[in-house]
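# Per-entry structural report
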Amino acid sequence: MKILVTGGAGFIGSNFVRYLLRSQKDVELFNFDKLTYAGNPENLSDVADDPRYHFVHGDVNDRRAVDRVFRHGFTSLVHFAAETHVDRSIEDASPFLKTNVLGTHCLLDAARRFRLSRFIHISTDEVYGNAPAGVSFTEESPLAPCSPYAASKASADHLVAAYANTFGVPAVVLRCTNNFGPFQFPEKLIPLIITDARQDKPLPIYGDGMQERDWLFVEDYCHAIALALETAELGSVYNVSAGAPQRNLSVVRTILRHLGKPEALVQFVEDRPGHDRRYALDSSKIHRELGWSPKVGFEEGIRRTIEWYQANSAWLDHALSGEYRDFYHRHYARRAKTIRT
Ligand code: NAD
Ligand code: TYD
């Protein structure tokens, strides 16, 4: 099996590349990645010398580079590459529209011309928007994205569906809840809290901290993607979730307990504009049709994640340098107003 992965130097992509190389002997894998601030070659340094793995530096918006890589002749594509941080999309949506919408279009076009056998599109639960209390979205629920990031991902989902319908592109769409685990860039909630709490920094909790997310350990998601690659019905959409939603404040308290740090570090700050209160998915379809269910509970996953960040401070130092630091300072300077302590 010869597979093209886009965005394989990011958080989920790098975990997936490692997962597939470990679980399948006869796989050959190309990782096409622009290496934005979120793409880190160090995420895959342990497999860089594996003869089955190839890195190609490129932008999904660059039609010529995309064509060049497609000429290697792949059976399947797993499309992770995206701008992914909601706060950044609020600051400037342009890179989100470019990569998430136009970049996806560029790949769909290549998939059609090169007659790819399987296009796994990595979408998100955020395309459904805010879930009212008691509601879990199914694959049939309407898309109602609320942030510029979510709108760009929903646009990509519509394009994928249109290319499947119009040109027969063999697509499968996965919509997953929030992931956590090793190699996540420390701008997202869990790695940010681990990193800052270890240094006794104030922990910025948006609004009242009562927003709900359904955290899935990244290894479980990699398993779901591998199943989709092998057996998912073409033209299908699958929701993927842990099925154990939690409030942000509860997640933060769990991390503090593991680290032995005081709750006094929590600092309630001005809320994210348009902040979705709750995400919740019904993932019974992937359970029923592909036999997938999560194996790593939140307690075990968070313990493994914290241990990984504790053991990889050099990785963290590199991730925290450069462009990220600039964003961090700009962002938190604006948000510095404490609303409750
Ligand atoms: P990430 O931000 O960690 O990594 C994104 C990767 O894409 C990086 O390696 C980056 O260099 C690459 N990239 C960005 N723009 C590119 C371009 N123009 N051309 C080529 N490569 C480019 O992202 P992640 O958290 O691993 O998310 C991966 C995918 O999963 C995304 O599509 C995201 O929408 C989706 N998703 C993520 C989560 C989550 O909790 N992290 C949840 C649901 C869905
Ligand atoms: P995040 O990890 O950015 O993922 P998403 O917005 O895609 O769900 O945020 C997870 C939740 O944590 C979300 O409700 C926003 C909140 N949050 C904070 O309270 N403080 C922070 O510093 C960050 C980054 C997020």
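It should be noted that the structure appears before, not after, this text.
In short, a report on the structure.

## A few points about the sheet that holds strand β2 (residues 28-33)
Consider a sheet: its strands pair through backbone hydrogen bonds, and that pairing is either parallel or antiparallel. If you walk across this open sheet you meet the seven strands as β3-β2-β1-β4-β5-β6-β11, and the pairing is parallel. A single partner strand is all that each edge strand has here, and the edge strands are β3 (53-57) and β11 (237-240). Across the sheet, the axes of successive neighbouring strands diverge by a mean angle of 20 degrees, strand direction being ignored. Pairing of strand β4 (residues 76-79) with strand β5 (residues 118-124) involves four bridges; the strand directions are parallel. Within β5, the residue paired with Ser76 across the bridge is Arg118. In the packing of helix α2 (residues 63-70) onto the sheet, contacts are made with β1 (2-6), β2, β3 and β4, and the angle to β2 comes to roughly 175 degrees. Relative to β5, helix α7 (residues 218-231) is tilted by about 150 degrees, and along the sheet it contacts β1, β4, β5, β6 (171-176) and β11.

## Quick look at the pattern of salt bridges
As enumerated under the stated definition, the model contains 17 salt bridges in all. Asp200 is paired through a salt bridge with Lys261; the nearest N and O atoms lie 3.0 Å apart. Here Asp200 is found in the loop between α6 (189-198) and β8 (203-206), whereas its partner Lys261 is found in the loop between α8 (248-259) and β13 (266-269), with 61 residues between them in sequence. Linked by salt bridges that have partners in common, Arg63, Asp109 and Arg112 make up one network.

## Quick notes on the site of ligand 1
Surrounding ligand 1, one finds 29 residues, the nearest of these being Ile12, Asp33, Thr84, Tyr149 and Lys153. In the model, an oxygen atom of ligand 1 is placed 2.6 Å from a nitrogen or oxygen of the Asp33 side chain. Within the contact set of ligand 1, an oxygen atom lies 2.6 Å away from a side-chain nitrogen or oxygen of Tyr149. Coverage of ligand 1 by the protein chains reaches 97% of its 840 Å² of free accessible surface. Taken together, the elements giving at least two residues each to the shell around ligand 1 come down to α1 (11-23), β5 and α5 (148-167). Sorting elements by how many residues they give to the shell around ligand 1 places β5 first, with three residues. Tallied by class, the residues present in the shell around ligand 1 amount to 12 nonpolar, 13 polar and four charged.

## Structural notes on the pairing of β11
Covered by surrounding structure in β11 are Val237 and Asn239 together with Tyr238 and Val240, the residues of both alternating faces. Sheet topology places β6 next to β11; four bridges connect them, and they run parallel. In the strand pairing of β11, Val173 is matched with Val237.

## Details of the site of ligand 2
Taken together, 18 residues surround ligand 2, and among them Glu126, Pro204, Arg213, Arg272 and His275 come closest. One of the side-chain nitrogen or oxygen atoms of Asn178 is found 2.9 Å away from an oxygen atom of ligand 2. Contact between ligand 2 and Asn248: an oxygen atom at 2.9 Å from a side-chain N or O atom of the residue. In the complex, the protein chains occlude 98% of the 510 Å² of accessible area that ligand 2 would expose alone. Mapped by element, the contributors of at least two residues to the shell around ligand 2 are α6 and β8.

What counts as what
- Residues numbered from 1 in each chain as written.
- Chains lettered and ligands numbered in written order.
- Predicted model: local features only at pLDDT ≥ 70, side-chain atom pairs only at ≥ 80, totals over all residues.
- Heavy atoms only, no water.
- Pairing = 2+ DSSP bridges.
- Helix = DSSP H or I, 4+ residues; strand = E, 2+ residues; numbered from the N terminus.
- Axes fitted to C-alpha atoms, helices over the stretch in contact; angles between N-to-C directions.
- Contact = heavy atoms within 4.5 Å.
- Salt bridge = Lys/Arg side-chain N within 4 Å of Asp/Glu carboxyl O.
- Near = heavy atom within 4 Å.
- Polar contact = N/O pair within 3.5 Å; in protein donor to acceptor, adjacent residues only side chain to side chain.
- Areas by Shrake-Rupley, 256 points an atom, 1.4 Å probe, with all protein chains shown as cover.
- Nonpolar A, V, L, I, M, F, W, Y, C, P; charged D, E, K, R; others polar.
- Buried < 20%, exposed > 50% of the residue type's maximum accessible area, 1.4 Å probe, protein only.

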